[in-house]
Amino acid sequence: MIRAWRRVTDRRRQANGDYGWLFNPYTGDEMVAIDCETTGLDTRRDELVSIAAVKVRGDRVLTSESLDLRLSRPARLTGDSICIHGLRGIDLEGGASVEDALVQFLDFVGNRPLLGWCVAFDIAMINRQLRPRFGFDLPNASVDIAQRYARAVRRASPELEPCLRFEAMAEALGVPVMGRHTALGDAVTTALMYVRLNKASRVTA
């Protein structure tokens, strides 16, 4: 309810702005898988380290049409987060500012629907930086691959409790894990899982 109200308010405020078009209904045939690497899992305090996105058209993951951004070193970068995503301070030298990264991300994604594994986290991390700089949250529709996978498993085998770990889902769907804990690798793997779930649903329909 709050998100819907915010979206209406944001659309009204942005109507004549540079990004008003993002609030128009999407009429194309593409989606975009996204992933963020961050300094931690606290959406109120942790910071973005990298952002990636890859387009999906029908049953094709368009790896040639992808975005892979490393941001400048955030203040909260610690050894614990480096152990997960492998990006050290030196690896982020010359990285994009948060504002420049968001501009590139918005231009790439447009108003296409977004895909993600536990995508609410990625959207929350982006919105935390987007709203104070641009005055709105991402208005895009979204699809959570973990939730979609859980529904598919329960329909096929109601007695099973689906394992929603990223690697477990990929293995169950027969999808290779492409560079785990890199933003682009996880975005591509998520896109492949989405395609596989779509194919499976057509077979069982």
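First things first, this report covers the structure right here in the doc.

Conventions used here
Residues numbered from 1 in each chain as written. Predicted model: local features only at pLDDT ≥ 70, side-chain atom pairs only at ≥ 80, totals over all residues. Heavy atoms only, no water. Helix = DSSP H or I, 4+ residues; strand = E, 2+ residues; numbered from the N terminus. Buried < 20%, exposed > 50% of the residue type's maximum accessible area, 1.4 Å probe, protein only. Axes fitted to C-alpha atoms, helices over the stretch in contact; angles between N-to-C directions. Parallel < 35°, antiparallel > 145°, perpendicular 65-115°, else oblique. Contact = heavy atoms within 4.5 Å. Nonpolar A, V, L, I, M, F, W, Y, C, P; charged D, E, K, R; others polar. Disulfide = S-S within 2.5 Å. Phe/Tyr/Trp six-rings, centres within 6.5 Å; stacked < 30°, edge-to-face > 60°. Polar contact = N/O pair within 3.5 Å; in protein donor to acceptor, adjacent residues only side chain to side chain. Pairing = 2+ DSSP bridges. Core = buried A, V, L, I, M, F, W, Y, C linked by side-chain atoms within 4.5 Å. Salt bridge = Lys/Arg side-chain N within 4 Å of Asp/Glu carboxyl O.

1. Side note on unusual backbone geometry
For Cys118, which is not glycine, the phi dihedral falls at a positive 55 degrees. In this fold, Cys118 is placed in the loop between strand S4 (114–116) and helix H4 (119–134). Residue classification places Cys118 among the partly exposed residues on the basis of a relative accessible area of 34%. Of note in the backbone geometry, His181 takes a positive phi value of approximately 65 degrees without being a glycine. Turning to its location among the elements, His181 is positioned in the loop between helix H6 (166–173) and helix H7 (183–204). Look at His181 and you get partly exposed, because its relative accessible area is 27%.

2. Overview of the packing of helix H3 (residues 98–109) against H4
In a packed pair of helices, the relevant descriptors are the angle between the two axes and the axis-to-axis distance. Relative orientation of the contacting elements H3 and H4 amounts to 100 degrees, with a least axis distance of 10 Å. Between H3 and H4, the angle falls in the class roughly perpendicular. Residues Val98, Glu99, Leu102, Val103, Phe105 and Leu106 of H3 touch H4, and the partners they reach there are Ile126, Gln129, Leu130, Arg133 and Phe134. Its residues assigned to classes, the contact of H3 with H4 comprises eight nonpolar, one polar and two charged.

3. Observations concerning the state of the cysteines
Should the sulfur atoms of two cysteines be covalently bonded, the bond is a disulfide. The full count for this structure, using the stated rule, is zero disulfides. Here Cys118 stays free of any disulfide, with the sulfur of Cys163 as its closest cysteine sulfur at 11 Å.

4. Comments concerning the packing of aromatic side chains
Across all of its chains, the model carries five aromatic pairs by this definition. Considering the side-chain rings of Tyr19 and Phe136, the 5.9 Å spacing of their centres and the 50 degrees angle between planes classify their relative orientation as tilted. Of this pair, Tyr19 sits in the loop between helix H1 (2–14) and strand S1 (30–38) while Phe136 sits in the loop between H4 and strand S5 (142–144), placing them 117 residues apart in sequence. With a relative accessible area of 13%, Tyr19 lands in the buried category. Given the relative accessible area of 0%, Phe136 is considered buried. Taking the centre distance of 5.5 Å and the plane angle of 85 degrees together, the rings of Trp117 and Phe166 count as edge-to-face.

5. Observations regarding the side chain of Asp137
Note that Asp137 resides in the loop between H4 and S5. Asp137 sits in the buried class, given a relative accessible area of 13%. For Asp137, the side chain forms a polar contact with the side chain of Arg6, separated by 3.1 Å. With near-sequence residues (within four places) excluded, Asp137 lies in contact with Arg6, Asp10, Phe23, Asn127, Leu130 and Arg131.

6. Quick notes on the sheet that holds S1
With mixed pairing, the five strands of this open sheet are ordered in space as S3-S2-S1-S4-S5. Of all strands in the sheet, those bounded by a partner on one side alone are strand S3 (60–70) and S5. For this sheet, the mean angle separating the axes of adjacent strands, direction not counted, is 25 degrees. Sheet topology places S4 next to S5; three bridges connect them, and they run parallel. Its bridge partner lying in S5, Gly116 is registered against Asp144. Each of S4 and S5 is contacted by helix H5 (residues 145–156), which is oriented at about 55 degrees to S5, the strand it contacts most.

7. Let's talk about the nonpolar core
Grouped together as the largest cluster of nonpolar side chains are 28 residues, with contacts concentrated most on Ile34, Ala53, Phe105, Leu106, Phe136 and Leu138. Among all residues touching Ala53, those that are not within four sequence positions of it are Val32, Ala33, Ile34, Glu65, Ser66, Leu67, Phe105, Phe108, Val109 and Leu184. Met31, Val153, Phe166 and Val175 belong to the second-largest nonpolar core, a separate cluster that totals 23 residues.

8. Some thoughts on the pattern of salt bridges
Going through the model one piece at a time under the given rule, you end up with 12 salt bridges. Between Glu65 and Lys55 there is a salt bridge; the shortest N-O distance is 3.6 Å. Of this pair, Glu65 sits in strand S3 while Lys55 sits in strand S2 (residues 48–57), placing them 10 residues apart in sequence. Salt-bridge contacts for Glu161 lead to Arg154; the nearest nitrogen and oxygen are separated by 3.2 Å. Among the residues examined, Glu161 registers a relative accessible area of 64% and is labelled exposed. Assessed through its relative accessible area of 40%, Arg154 is described here as partly exposed. Overlapping salt bridges, with partners in common, bring together Glu30, Lys55, Arg57, Glu65 and Arg112 in one network.

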